[in-house]
Amino acid sequence: MIYTERKPQKSVYSDPVSPFIFHTPAVEDFRLFAVERMDRYHFRRDITKKFTPRQLDPILDGYKFTNAYRILDRVTQFEIEHVVDGEFANEQSHAAAIFIFRTLNSVETYAAIPAELLYRAFAGRGQIFKHLNEYKSKGNVIFGNAYLMPSGHTEGYTSRLDFFEAMLEQLIASGDLIALYNSLVIEFSFDILRKYKGMGDFLAYQYALDYSYRHKHVDYDSFIVPGVGCVRGMKKVFPGITRKEMPAVLSALTEVGMGPSFRPLEVDGQVFPLRGNDVQNLFCEYDKYTRVLRKEGRMKAHFDHPYRTLPEPVIPRAWR
């Protein structure tokens, strides 16, 4: 298990997880949320708009939520097409480019880096970070805001860019970068990244997921790291659950599935079921949804184009 508790707590949840905990009104409400989120994705993919969600929902229809599948979000779609499945000078450059993209977590910033530097990202990494500093000095926003990232100041660096440039150099010098690049085991990748200062549990998990998209036979369900939003969402669905128990419950719920009403992602006749990291993220989005529904908080990001048709999804080459 990832988390440790200061004081052991009694709980109705155990490992292996009892199937009975997945037949409660709270779990069914969460499943309905997953179904409705995916219904809206199918609606936006259908150019004829013949398929429609079962019911209108002013929260789901009026605010931005991430997709039920992590790979379907705009940033990850770009990453799969241009970074994970991109062309690079060698494996070292490919590995460095994946690290740089996830660190930036921004399509716009990554696209602003000259293509010739990215192609040889390993040899040209110093020039890439110099370019990024110059890009930043012109008033451009460098980083996406999806994840909490260390500032670097607490470790003695003047900026976040300098901090992550130094981390990349450490990964290269230790041989860990290539180990990440070739790893088929999420937990192994996570353990490598977690050694580095500034890499918290959830951030290390996100980098590990990005490197995993290069491979076909990856087990996404036996090792899952719940983020802060997921923890809040799971506590609403599973009263009394501890953080220590959450990975096992997430894994079991992934195996059980979202029910017969859930229409999974299908591309060219190939069906892609939800993975453990997807269910983890759905709990985070469920927490946002219920906070607005119960008037416990509000969301800033309004959704202003619910009828815009989505392009065909990009699936990692290894998965196809």
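Calculation rules
Residues numbered from 1 in each chain as written. Predicted model: local features only at pLDDT ≥ 70, side-chain atom pairs only at ≥ 80, totals over all residues. Heavy atoms only, no water. Helix = DSSP H or I, 4+ residues; strand = E, 2+ residues; numbered from the N terminus. Rg over C-alpha atoms; globule rule 2.2 N^0.38 Å. Buried < 20%, exposed > 50% of the residue type's maximum accessible area, 1.4 Å probe, protein only. Contact = heavy atoms within 4.5 Å. Areas by Shrake-Rupley, 256 points an atom, 1.4 Å probe, with all protein chains shown as cover. Lys, Arg positive; Asp, Glu negative; His and termini not counted. Charge placed at Lys NZ, Arg CZ, Asp CG, Glu CD. Salt bridge = Lys/Arg side-chain N within 4 Å of Asp/Glu carboxyl O. Axes fitted to C-alpha atoms, helices over the stretch in contact; angles between N-to-C directions. Parallel < 35°, antiparallel > 145°, perpendicular 65-115°, else oblique. Left-handed = near helix turned anticlockwise from the far one by under 90°. Nonpolar A, V, L, I, M, F, W, Y, C, P; charged D, E, K, R; others polar. Phe/Tyr/Trp six-rings, centres within 6.5 Å; stacked < 30°, edge-to-face > 60°. Lys NZ or Arg CZ within 6 Å of the ring centre and 35° of its normal. Disulfide = S-S within 2.5 Å. Expected span 1.5 Å × (residues − 1).

(A) Broad picture of the overall build of the protein. When its secondary structure is counted, the protein shows 14 helices and two strands. Against the 2.2 N^0.38 benchmark of 20 Å for 320 residues, the protein shows a C-alpha radius of gyration of 20 Å, consistent with a compact globule. Principal axes of the C-alpha set define a box for the protein whose edges measure 55 × 55 × 40 Å. Burial statistics for the protein: of 320 residues in total, 52% are counted as buried. Contacts spanning at least 24 positions in sequence make up 70% of the contacts within the protein whose residues lie at least 6 apart. Looking at the protein as shown, the accessible area adds up to about 15,900 Å², and 53% of this sits on carbon and sulfur atoms. In the protein, 42 positive and 39 negative side-chain charges are present, and the distance between their average locations comes to 5 Å.

(B) Just the pattern of salt bridges, in detail. Applying the stated rule across the entire model yields 16 salt bridges. With its nearest N and O atoms 2.9 Å apart, the salt bridge here joins Arg31 to Glu28. Of the two residues, Arg31 and Glu28 both sit in helix H1 (residues 25-45), three residues apart, roughly one turn of that helix. For Arg31, a relative accessible area of 7% puts it in the buried group. Two residues, Arg40 and Asp61, come together in a salt bridge whose shortest N-O distance is 2.6 Å. With Arg40 in helix H1 and Asp61 in helix H2 (residues 58-62), this residue pair connects regions lying 21 residues apart in the sequence. A single salt-bridge network, built from bridges that share partners, covers Arg232, Lys236, Asp287, Arg291 and Glu296.

(C) Expanded view of the packing of helix H3 (residues 74-84) against helix H4 (residues 91-104). Packing of H3 against H4 brings their axes to within 11 Å, and their N-to-C directions diverge by 165°. As far as their axial angle goes, H4 and H3 are roughly antiparallel. In the packing of H3 onto H4, the handedness of the crossing is right-handed. Mapping the contact onto sequence places Val75, Thr76, Phe78, Glu79, Val83 and Val84 in H3 and His94, Ala97, Ile98, Phe101 and Arg102 in H4. Taken together, the residues that form the contact of H3 with H4 break down as seven nonpolar, two polar and two charged.

(D) Examining the packing of aromatic side chains more closely. Applying the stated criterion across every chain yields a total of 21 aromatic pairs. Taken together, a centroid distance of 5.9 Å and an interplanar angle of 20° make the contact between Phe78 and Phe101 stacked. Remark: Phe101 occurs in helix H4 and Phe78 occurs in helix H3; sequence separation between them is 23 residues. When its relative accessible area of 0% is taken as the criterion, Phe101 is described as buried. Cluster of aromatic residues (ring-pair linked, three or more members): Phe22, Phe30, Phe33, Phe65, Phe238, Phe283, Tyr286 and Tyr289. Over the ring of Phe122 we find Arg125, and its NZ or CZ is 4.7 Å from the ring centre. The residue whose ring lies beneath Arg275 is Trp319, and the NZ or CZ to ring-centre distance is 3.8 Å.

(E) Geometry of the state of the cysteines. All chains considered together, the criterion is met by zero disulfides. The closest cysteine sulfur to the non-disulfide-bonded Cys230 is located on Cys284, 7.4 Å from its own sulfur.

(F) The arrangement of H1 in detail. Under the 1.5 Å per step criterion, the end-to-end length of H1 is 30 Å for 21 residues, consistent within 8% with the ideal 30 Å. The element H1 is extensively covered by neighbouring structure, given that 16 of its 21 residues are classed as buried.

(G) Just the side chain of His215, in detail. Along the polypeptide, His215 turns up in the loop between helix H11 (201-212) and helix H12 (228-237). By relative accessible area, which is 11% here, His215 ends up buried. Setting aside chain neighbours within four positions, we find His215 in contact with Tyr181, Asn182, Ser183, Leu184, Ala318 and Trp319.

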